[in-house]
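# Observations on the model geometry
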Amino acid sequence: MSNKKSSPYFRTALVGDYRDLLSLPNIRASANDRYYTIENKYDRRPDLLADAIYGTTRLWWIFTRRNMNLLQDPINDFRAGLIIRIPEKSAVASLL
C-alpha cells in the first residue's frame, strides 16, 4: 500500500500487518464544482480523467466520493454520457 497522500489507502488504519477497511475522505460539494459529461475516451477510465484534470491517476477515487449517488461501482458506472460533478484542483490540493 502507499504512504502518499494521493493514495486512497493513505488514511486507512493499519491493523497489525494489514490495512483496515478502506477509509476515504469526504469530498464536499462546492459552488466551484463543475458539471462534466464523461467523454468516450474516459469510458470506464476514471484514472485517465483524473490524470487530465489533476495531473495524477492516483486521484481517480475523487469522482466516486463526489458523485456517490451516481457511481456505486467506480469503474463500471463511470460511463460515457454520464454527467458528474468535478471538484476544482484547488479543492483537492491537500490530497496531492
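Further up the page is the structure itself.
Residues numbered from 1 in each chain as written. Predicted model: local features only at pLDDT ≥ 70, side-chain atom pairs only at ≥ 80, totals over all residues. Heavy atoms only, no water.

## Re the environment of I53
Position of I53 among the secondary structure elements: in helix α1 (residues 46-54). Residues I53 and K89 lie 36 residues apart in sequence; the distance between their C-alpha atoms is 7.3 Å. Setting aside anything within four residues of it in sequence, one finds I53 in contact with R34, F63, I86 and K89. (Helix = DSSP H or I, 4+ residues; strand = E, 2+ residues; numbered from the N terminus. Contact = heavy atoms within 4.5 Å.)

## Concerning unusual backbone geometry
Phi angles above zero are rare outside glycine, and R44 is one such case at about 60°. Relative to the elements of secondary structure, R44 occurs in the loop between β3 (34-37) and α1.

## Topic: the side chain of N67
Its place among the elements puts N67 in the loop between α2 (61-66) and β4 (83-86). Take N67: its relative accessible area is 3%, and that puts it in the buried class. The residues contacting N67, other than those within four sequence positions of it, are I84 and R85. (Buried < 20%, exposed > 50% of the residue type's maximum accessible area, 1.4 Å probe, protein only.)

## Observations regarding the packing of aromatic side chains
Under the definition given, this model contains two aromatic pairs. When the centroid spacing of 6.0 Å and the interplanar angle of 25° are considered together, the rings of Y54 and F63 count as stacked. Considered together, Y54 and F63 belong to a single accessibility category, that of buried residues. Between F63 and F78 the ring centres are 5.8 Å apart and the planes differ by 35°, which places this aromatic pair in the tilted class. Taken together, the residues span a long stretch of sequence, with F63 in helix α2 and F78 in the loop between α2 and β4 at a distance of 15 residues. The burial state of F63 is the same as that of F78; both residues are buried. Members of the aromatic cluster, each reached through a chain of ring pairs, are Y54, F63 and F78. (Phe/Tyr/Trp six-rings, centres within 6.5 Å; stacked < 30°, edge-to-face > 60°.)

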